[in-house]
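What the coordinates show
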Amino acid sequence: VFLHNRLIGIYGRCGSVSDACAVFDAIRRKDCYSWHAMITAYARSGNPEAARRVFDQMPVWDVVSWNSILGAFVRAGFLAEAERIFDSMPERNLVSWNSIAAAHAQQGNWLDSKRIFDSMPGRDLVSWNTMIDCYTQNSQLANANMEFDLMPERNLVSWNAILSAYTRDGQVDIAEAIFKEMPQHDLISWTVLLVCFSQNNKLTEAKKVFETMPERDLIAWNALLSANALSGHLEKTSVLFNSMNEKDVVSWTIMVTMFAQNFSLEEALIIFNQMPMRNLVSWTSLISAYAVKGYLSEAKNLFNQLPQKDLVAWNTMLNAYYVNGLMHELKQFFDQIPGKNLISWNAALSAFAAIGHVYQAKKLFETMPERD
RNA sequence: UCCUCUGUAGCUUU
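So, a few notes on the structure that sits alongside this text. Not measured: the values here are computed from a predicted model.

So, on to the side chain of asparagine 138. Summarising the element assignment, asparagine 138 is placed in the loop between α9 (125–137) and α10 (141–150). Here asparagine 138 falls in the buried class, since its relative accessible area comes to 17%. Of the polar contacts made by the side chain of asparagine 138, one reaches the backbone oxygen of cysteine 134; its length is 2.8 Å. Asparagine 138 has contacts with Ala105, Gly108 and Trp110, leaving out every residue within four places of it along the chain.

See below:
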């Protein structure tokens, strides 16, 4: 059982749910570790409903079982359901509280995260680190920084989190200073620094980080690829891409996106058609490629065929109407978007503003649930 | 051997 449970965990982590499931089914005497590992495997694959089916079949539940199913819904971004689970838990520990705090931040409610953080029965290092990340995700650098200063102790995760905060805010010099000041570096620290340079148009420095870092994994390679793609050197980026001996769906999507953003629909399609695996992000990237080249109906067809849609996909399609000048359809589409976020509102608002429909723009501005 | 924190790809800011 011990070995089987480990296997479920390994398969879950590398995204092979079906393999995890096969191992799980083969265990005759399942213990709670088996059940929890299987729930988490489904959670990691983005399938909280499957996770719930496993949860429902368990003979007994403990706090880890509840945390596992809570985590499945948090990870999938289903805040309402996560809250329902949290409220109905017979017992909670710090893990439960940390999860629900992170869930609110994911949906943009960083004030709720802070409220939870302040009212939770205790705090551990993970709580503090979570709080820094809640602020970072919501572009609240000053608050992230304050929390970092206030925390009673820090580990490498805390340092990486604050490094990310400054990176996101575009404060390259401070990020560099933090990198030098931090007590240790791991692969994550190095990659964040690379991304920091990459996202602030410093390709040379980004490359230098890549060469300097003591070890490189696929994420680091993808970050370097992305740095090249962002700089607009299509040819050089393609050479790098072809030289990579390991590629995942992210690597492929970086290429599709690069061609899309440089209006090379044909090349984006060539890459897309060669992709060995695709996900929602790759499809959305292709929709964008069609849209910016004026192929709205193709974009719309792809969108309608998506097996599942997230908010980014909806917003991409919204923008497709805008760049093709179809304001009437845009308005209708906007009204259909479930759970609009600030990006949806800003996109619609700026669309009307850009074409001089001041009245419509003003009306949207006044109706917006939040503004930045 | 199970649950929560940090790194890479897609959407808005004319």
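It is worth spelling out helix α18 (residues 265–274) at this point. Within the sequence span of α18, burial applies to Leu265, Ala268, Ile271 and Phe272. Considered in projection along α18, the buried side chains sweep an arc of 125 degrees and stay on one side of the axis. The outward face of α18, more than 90 degrees from its buried face, is lined by the exposed residues Glu266 and Asn273. Turning to α18, the residues buried within the fold contact α17 (249–261) and α19 (280–292).

Another aspect to go through is unusual backbone geometry. Apart from glycine, the bulk of residues carry a negative phi angle, and the bulk of peptide bonds sit in the trans form. Residues other than glycine seldom take positive phi values, yet serine 139 does so here, at roughly 55 degrees. Structurally, serine 139 can be placed in the loop between α9 and α10. Even without being glycine, asparagine 201 reaches a positive phi, approximately 60 degrees. Inspection of the secondary structure assignment puts asparagine 201 in the loop between α13 (187–198) and α14 (203–212). Under the relative-accessibility criterion, asparagine 201 is labelled exposed at 72%.

Another point: the protein's contact with RNA strand B. Neighbouring RNA strand B are 56 residues, the closest being His36, Asn67, Arg75, Asn129 and Asn160. At the protein interface, 45% of the atoms of RNA strand B within 4 Å belong to sugar or phosphate. One of the side-chain nitrogen or oxygen atoms of asparagine 160 is found 2.7 Å away from a base oxygen of RNA strand B. The side chain of threonine 257 places a nitrogen or oxygen atom 3.3 Å from a sugar or linking oxygen of RNA strand B. Class assignment for the residues of the surface near RNA strand B results in 23 nonpolar, 26 polar and 7 charged.

Before going further, it helps to spend a moment on the layout of surface pockets. Considered as a void within the structure, the largest pocket measures approximately 2000 Å³ in volume. Forming the walls of the largest pocket are 47 residues, and the residues nearest its centre are Gln107, Asp310, Leu311, Val312 and Asn341. Elements with a contribution of two residues or more to the lining of the largest pocket: α7 (94–106), α19, α21 (311–323) and α23 (342–354). With 7 residues, the single largest contributor to the lining of the largest pocket is α21. In terms of residue class, the lining of the largest pocket is made up of 21 nonpolar, 18 polar and 8 charged. When its volume is computed, the second largest pocket comes out at roughly 380 Å³. If you trace the second largest pocket, you find 17 residues lining it, with Gln199, Asn222, Ser226, Leu230 and Ile254 closest to the centre. Mapped onto the lining of the second largest pocket, the elements with two or more residues apiece are α13, α15 (218–230) and α17. The leading source of residues in the lining of the second largest pocket is α15, at 6 residues.

About the cut-offs
- Residues numbered from 1 in each chain as written.
- Chains lettered and ligands numbered in written order.
- Predicted model: local features only at pLDDT ≥ 70, side-chain atom pairs only at ≥ 80, totals over all residues.
- Heavy atoms only, no water.
- Helix = DSSP H or I, 4+ residues; strand = E, 2+ residues; numbered from the N terminus.
- Buried < 20%, exposed > 50% of the residue type's maximum accessible area, 1.4 Å probe, protein only.
- Polar contact = N/O pair within 3.5 Å; in protein donor to acceptor, adjacent residues only side chain to side chain.
- Contact = heavy atoms within 4.5 Å.
- Arc of directions from axis to C-beta.
- Near = heavy atom within 4 Å.
- Nonpolar A, V, L, I, M, F, W, Y, C, P; charged D, E, K, R; others polar.
- 1 Å grid on protein atoms, 1.4 Å probe; cavity = no way out; pocket = protein on both sides within 12 Å on 5 of 7 lines; lining within 4 Å.
- Points joined across faces, edges and corners; volume = space filled by probe spheres on them.

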